2 protein chains.
Amino acid sequence: MPQLPLSPGSTLGILGGGQLGRMLSQAASRLGFDVVILDPQPDCPAARVSRAQITAPYDDPDALQALGRLCDVVTFEFENVPASSVETLAEAGALVAPGPTALAVAQDRVDEKTYLNAVGAVTVDFAAVSTLDDLTNAIDQLGLPALLKTRREGYDGKGQVWIRDAADAEAAFEAIGRRPAILEAAAVFNRELSVIAARGHDGAVAVYPLGENIHANGVLKTTLAPAAVDAKTQGRAHEIASAVLDGLDYVGVMGIELFDMGADSDGNSVLLVNEVAPRVHNTGHWTQDGCVCDQFEQHIRAIVGWPMGPTEAHARIEMTNLLGDEIEQWRALAAEPNARLHLYGKHEARAGRKMAHVNRVLGAV
Amino acid sequence: MPQLPLSPGSTLGILGGGQLGRMLSQAASRLGFDVVILDPQPDCPAARVSRAQITAPYDDPDALQALGRLCDVVTFEFENVPASSVETLAEAGALVAPGPTALAVAQDRVDEKTYLNAVGAVTVDFAAVSTLDDLTNAIDQLGLPALLKTRREGYDGKGQVWIRDAADAEAAFEAIGRRPAILEAAAVFNRELSVIAARGHDGAVAVYPLGENIHANGVLKTTLAPAAVDAKTQGRAHEIASAVLDGLDYVGVMGIELFDMGADSDGNSVLLVNEVAPRVHNTGHWTQDGCVCDQFEQHIRAIVGWPMGPTEAHARIEMTNLLGDEIEQWRALAAEPNARLHLYGKHEARAGRKMAHVNRVLGAV
C-alpha cells in the first residue's frame, strides 16, 4: 500500500470513463496527478483527457492487475464495481477508495436502507421482496402506492415501477424481471434535496451546502444550490452525512439524496434518506462553479490523503443537465453571460443520454 | 478552411505541450473539443491531458501536415513558431489562430515596438542595434542606463543585459552573442501592470481587469488582480488593447505588459507598453479563479468562433508562481483554505522551472 499523502506525480486509476470519470480526471490533473482510465469502450470521454486508457471489461483480471500495478490509488465513477475487481486491484498493490464495504452496501438497496436506519439516517419504510408472495405481503404492510425496485443495479429511474393497485402487483414484478427487489413506501415530501459530503483517510468530514433537485422522468434535470434551507435543516443534513460516512469508515465523496419532509411537531427538520451513491454525484456538479474546491477535487483530495478542501459556496448556481439533442443548445448557451458550460465529449447524442451540463451563476452568496 | 463556429466534437491542435498548452487543452475539453498536441518532448505535460500527441519538432513538415489534417483549428502556446510551420498547417486545411502577422510582429522586438507606436500604444524609446557602432550611437541617443536585448527569442529575462556605463557596451554586446538587438531606454515606472485581452473572428474585443505584477530575477512571481487602479487607467488599458488587437486583425488571447507611469499634467493615465505576447499569459492565470470565463476558455472561444465570454472579476486573486523546488510547498498549500492549486505535471523540478501556480482567493470583488 502506498504512503499517504500521495505526492503530485503519482498515478491514479479510475474505473469508468464517462463524464464523472472525465471530470475526476480533470480535477486530478490540476493537482499534478497522472490518470489512467479502465473502460471497455475505446476512446471513452475520460480517456481523452487522461494519460492512458486500459480498454477492457471491469472484471478482466489481467487489466485490473495492470491498473493496480500502474496506480497508487484506484477509484471509480459508478457503484456497481464487482467485489472481485476490488480484491484484484488491492492484490496488485493499489489502495482502493472508497473501500469494499461502502460498495457492497451501496450495491443492494435492502442492505443500503438497513445500514442507513442502523446509523440513524431514517428512510421510508421498506420490505425485501424475493417472490410474488413477498410482494403481496409487503403491499399489505406498506400500503399503496409503493415503489418496486430491483435490489441491485438500475439508475435514473431504470429497473423500478410504481404500484398503485394491488391487482397490478404481478405485472410490476414481471416488469422488473422477477428479480430480487425492494418495495418502498411512498414518501409525501415537500421537495428533493441532496447533500454532497466527503471524508478523508484521517476521518475528517467535509459537507457542502444542500442542493435542491428537480427530476423529470426519473432523471435529474436541475439542481439549485445552495438550497434555501434554514440552519437546522443544513445541520440535520450534516449530522446524517457524518453518521453515514463514519459508519462505513468511508474515504471519498458521497452523494446523499434526501426527501425534505418539513418539520416535526417539535420544530425539528425531518429529512429522509432516499439513496446514497458512493461517488461524485450529478447533484454536486454545481460545486464546480460555486465553490473554491469542487466535489471532483474533493474526491481526489480524499483518496490521495490530502486535507479536505473548503466547502463554502461563493456563488448561487443553477445546474441544468443537457440530455440527448438538448446538447444543440450549446450555441445559445455559449452566448449567455454567466453560463458555464461543461461538455462531456460524447459524440453520439442518443435520446436521454447525459451530454453536458451548464452551471448558471445566479449571483454571489 | 472549416466553417465557424466550430461545434463541440471538433478537434483542436496546439503547438507546444507545456503548462500553457496543458491549461488550454483542459479548457477546450470542458467545451467538448478533442485536443492534439505537437511537441518534440514525449509525454509532455499537455499531452497527458489531451487526446493525442504528435511527437516531433515544431518545423517537421510531415508532423505539421498530419496535425493540420487532424485539426479544424491550430493554435500555439509560444510565439516563436516558424512562419513556414504556419504555412504548412494552413495548406493542410487547418485554420491557424492567431495568424502569421501577429506572430511575425511578436517575434521581433524592433518590429513589435514599431508596430505598437504606429497604433498609438506608446513604448519606451528604442533603437535597433546590428553592430557595436549602432550600440554606441544608440547609447548616445537614449542615455544610460539602458537595456540591451536580442531582437528575437529570449524570455523571462534571458537574452538581455542592462548597460549602466558606456564602457560596458562591448561586453554587453558580447554577452548577448553579438546578435541583432534592440536598445531600450530605461522606464521609471510606478509599477508593472498587465492586461489580458481577446478578440474573436468577428472583431469583438473582450478585456479583463488589469493585474499588478511583481517580478523577481526577471521572472513573474505574483499577480494581484483586479489591480487597484482608477477607471481612467482601466479605460486607457482597454483602448490600448483594442488598438493593438484590431490593428493585427488578431484572433485569440493576448497578454500585454504595461508600465504604469502615473498621470500626465492633464491628469490622464500614462501607460507604456513593455511587451506583448500573442498567447495566453502567465499574468492572466488569476482569471481561472477570479472570473466565470478564464483566459484559457476565452482563447478557445476566440479561435473556434464562439462568442467572447464575460471578463468581469467576481473575486480578488493573488496568483503566485511556484518555481523549481518551491513545488514542495504543495503540502502546506493543500491545507490552506481558499488556495487553489494548479500543478503542471512536470516531474523534474529544475531550478527556476515553472512547476505550478496557486491562486489565493482574497475575497469577493
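Residues numbered from 1 in each chain as written. Chains lettered and ligands numbered in written order. Predicted model: local features only at pLDDT ≥ 70, side-chain atom pairs only at ≥ 80, totals over all residues. Heavy atoms only, no water.

**Regarding the sheet that holds strand β6 (residues 126-129) of chain B**
All names here are of chain B.
Link 1 in the chain: Reading across the sheet, the four strands line up as β6-β9-β7-β8 and stay open at both edges, with antiparallel pairing between neighbours. The sheet terminates laterally at β6 and β8 (160-163), the two strands that pair on one side only. This sheet shows a mean twist of 25 degrees between the axes of neighbouring strands, independent of strand direction.
Link 2 in the chain: Taken together, the five bridges between strand β7 (residues 146-150) and strand β9 (residues 181-185) define a ladder with antiparallel strand orientation. Counterpart to T150 in the pairing with β9 is A181.
Link 3 in the chain: Across the face of the sheet, helix α6 (residues 132-142) comes into contact with β6, β7, β8 and β9 while running at roughly 175 degrees to β6. (Pairing = 2+ DSSP bridges. Helix = DSSP H or I, 4+ residues; strand = E, 2+ residues; numbered from the N terminus. Axes fitted to C-alpha atoms, helices over the stretch in contact; angles between N-to-C directions. Contact = heavy atoms within 4.5 Å.)

**Observations regarding the packing of helix α1 (residues 19-30) of chain A against helix α10 (residues 295-304) of chain A**
What describes two packed helices is the angle between their axes and the distance between those same axes.
Residue and element names in this part refer to chain A.
Link 1 in the chain: Closest axis-to-axis distance for the α1/α10 pair is 8 Å, and the angle between their directions is 70 degrees. On the basis of their axis angle, the class for α1 and α10 is roughly perpendicular. For the crossing formed where α1 meets α10, the hand is right-handed. Across from L20, M23, L24, A27, A28 and R30 in α1, the residues of α10 making contact are F296, E297, H299 and I300.
Link 2 in the chain: Class assignment of the residues belonging to the contact of α1 with α10 gives a composition of seven nonpolar, one polar and two charged. (Parallel < 35°, antiparallel > 145°, perpendicular 65-115°, else oblique. Left-handed = near helix turned anticlockwise from the far one by under 90°. Nonpolar A, V, L, I, M, F, W, Y, C, P; charged D, E, K, R; others polar.)

**Considerations on the sheet that holds strand β1 (residues 11-15) of chain B**
Residues and elements named next belong to chain B.
Link 1 in the chain: Spatial strand order, β3-β2-β1-β4-β5: five strands in an open sheet with parallel pairing. On the outer flanks of this sheet lie β3 (52-54) and β5 (95-96), each paired with one strand and no other.
Link 2 in the chain: With three bridges connecting them, strand β2 (residues 34-38) and β3 associate as parallel partners. Across the sheet, residue I37 finds its bridge partner in β3, namely Q53.

**Considerations on helix α2 (residues 61-70) of chain B**
Residues and elements named next belong to chain B.
Link 1 in the chain: Looking at α2, one finds that the buried residues are A63, L64, L67 and G68. Buried residues along α2 cover an arc of 130 degrees about the axis, so they all sit on one side. Exposed side chains of α2 directed beyond 90 degrees from the buried face belong to P61, D62 and R69.
Link 2 in the chain: Against β1, β2, β3, β4 (73-76) and α3 (83-91) lie the buried residues of α2.
Link 3 in the chain: The backbone nitrogen of D62 has a side-chain oxygen 3.0 Å away, supplied by the residue at the start of α2, namely D60. (Buried < 20%, exposed > 50% of the residue type's maximum accessible area, 1.4 Å probe, protein only. Arc of directions from axis to C-beta. Polar contact = N/O pair within 3.5 Å; in protein donor to acceptor, adjacent residues only side chain to side chain.)

**Description of the domain arrangement of chain A**
All names here are of chain A.
Link 1 in the chain: With domains assigned, chain A is organised as domain 1 (11-96), domain 2 (125-185) and domain 3 (191-364).
Link 2 in the chain: Across the contact, 20 residues belong to domain 1 and 23 residues belong to domain 3.
Link 3 in the chain: Carbon and sulfur atoms make up 69% of the area that domain 1 and domain 3 hide from each other, which totals about 1,900 Å².
Link 4 in the chain: Interface area lost by domain 1 to domain 3 is led by Q19, M23 and L31, which between them contribute 28%.
Link 5 in the chain: Counting every contact that joins domain 1 to domain 3 gives two salt bridges.
Link 6 in the chain: Summed over the shared surface of domain 1 and domain 3, the number is seven residue pairs in polar contact (both at pLDDT 80 or more).
Link 7 in the chain: Counting residues per element, the ones that place at least two in the side of domain 1 that touches domain 3 are α1 and β4 (73-76).
Link 8 in the chain: Ranked by the residues each element gives to the side of domain 1 that touches domain 3, the list is headed by α1, at eight residues.
Link 9 in the chain: Across the side of domain 1 that touches domain 3, the residue classes tally to 13 nonpolar, two polar and five charged. (Domains from an automatic or database assignment. Buried area = accessible area lost by both parts, 1.4 Å probe. Salt bridge = Lys/Arg side-chain N within 4 Å of Asp/Glu carboxyl O.)

**Details of the environment of B:H285**
Residue and element names in this part refer to chain B.
Link 1 in the chain: Within the secondary structure, H285 sits in the loop between β15 (269-277) and α9 (287-290).
Link 2 in the chain: For H285, a relative accessible area of 1% gives the class buried.
Link 3 in the chain: With 49 residues separating them along the chain, H285 and A334 place their C-alpha atoms 18 Å apart.
Link 4 in the chain: Sequence-distant contacts of H285, that is, excluding residues within four places in its chain, are made with L20, M23, Q295, F296, M319, Y344, H357 and N359.
Link 5 in the chain: Of the polar contacts made by the side chain of H285, one reaches the backbone oxygen of H281; its length is 3.5 Å.
Link 6 in the chain: A polar atom in the side chain of H285 sits 3.1 Å from the side chain of Q295.

**A short note on the pattern of salt bridges**
Side chains bearing opposite charge may pair, as long as their charged atoms lie close to each other.
Link 1 in the chain: According to the stated counting rule, one finds 48 salt bridges over all chains in the structure shown.
Link 2 in the chain: As a salt-bridge pair, B:D108 and B:R151 come within 2.9 Å of each other at their nearest N and O atoms. Here B:R151 lies in the loop between β7 and β8 and B:D108 lies in the loop between α4 (100-107) and α5 (109-118), a separation of 43 residues in the sequence. Both residues of the pair, B:D108 and B:R151, belong to the buried class.
Link 3 in the chain: Through salt bridges that share partners, A:D34, A:R51, B:D43 and B:R48 make up one connected network.

**Section: the nonpolar core**
Link 1 in the chain: Core analysis: the biggest nonpolar cluster contains 55 residues, and A:L12, A:F33, A:W286, A:I300, A:V304 and A:W306 have the highest contact counts within it.
Link 2 in the chain: The contact partners of A:W286, leaving out residues within four places of it in the chain, are A:Y208, A:P209, A:T223, A:A225, A:P226, A:C291, A:A313, A:I317, A:M319 and A:N359.
Link 3 in the chain: B:A28, B:I37, B:A313 and B:Y344 belong to the second largest nonpolar core, which has 53 residues in total. (Core = buried A, V, L, I, M, F, W, Y, C linked by side-chain atoms within 4.5 Å.)

**Some details on the side chain of A:T223**
Residue and element names in this part refer to chain A.
Link 1 in the chain: Here T223 is to be found in strand β13 (residues 219-225).
Link 2 in the chain: What makes T223 buried here is its relative accessible area of 0%.
Link 3 in the chain: In this structure the side chain of T223 is engaged in a polar contact, spanning 2.9 Å, whose partner is the side chain of N213.
Link 4 in the chain: Not counting the four nearest positions on each side in its chain, T223 is found in contact with G211, E212, N213, T283, W286, I317, E318 and M319.

**Re the interface of chain A and chain B**
Link 1 in the chain: Across the contact, 36 residues belong to chain A and 36 residues belong to chain B.
Link 2 in the chain: When the two sides are added together, the surface that chain A and chain B hide from each other amounts to roughly 3,300 Å², 54% of it contributed by carbon and sulfur.
Link 3 in the chain: When the buried surface of chain A facing chain B is broken down by residue, A:R30, A:V292 and A:R340 rank first, second and third, together holding 18% of it.
Link 4 in the chain: Scanning the region where chain A abuts chain B turns up four salt bridges.
Link 5 in the chain: For B:D43, the salt bridge goes to A:R51, with nearest N and O atoms at 2.1 Å.
Link 6 in the chain: The interface formed by chain A and chain B contains 16 residue pairs in polar contact (both at pLDDT 80 or more).
Link 7 in the chain: Elements represented by at least two residues in the side of chain A that touches chain B include exactly α1, α10, α11 (330-334) and β17 (339-343) of chain A.

**Thoughts on the relation of the copies chain A and chain B**
Link 1 in the chain: Superposition of chain A onto chain B requires a rotation of 180 degrees combined with a translation of 0.0 Å along the rotation axis, giving an RMSD of 0.0 Å. With respect to symmetry, the two chain copies, as superposed, fit the operation of a two-fold axis. By C-alpha distance to the rotation axis, the residue of chain A lying nearest is A:V49, at 2.2 Å.
Link 2 in the chain: Mapped onto chain B, 100% of the interface residues of chain A again fall at the interface, so both copies present the same surface. (Least-squares fit on C-alpha atoms with pLDDT ≥ 70 in both.)

**Observations concerning α4(B)**
Link 1 in the chain: Taken as a whole, α4(B) has its buried residues at B:A102, B:L103, B:V105, B:A106 and B:Q107.
Link 2 in the chain: Turning to α4(B), the residues buried within the fold contact β4, α3 and α5 of chain B.

**Looking at the pairing of β1(B)**
All names here are of chain B.
Link 1 in the chain: Most of β1 sits inside the fold, with five of its five residues counted as buried.
Link 2 in the chain: The alternating pattern of β1 places T11, G13 and L15 on one face and L12 and I14 on the opposite face, and all of these are buried.
Link 3 in the chain: Of the pairings in the sheet, the one linking β1 to β2 comprises five bridges and is parallel in character. Residue pairing in the sheet places L12 in a bridge with V35 of β2.
Link 4 in the chain: A crossover links β1 with its parallel partner β2, the connecting element being helix α1 (residues 19-30), and its sense is right-handed.
Link 5 in the chain: Bridging between β1 and β4 involves four bridges; their strand directions are parallel. Within β4, the residue paired with I14 across the bridge is T75. (Right-handed = clockwise from strand over helix to strand, strands pointing away.)

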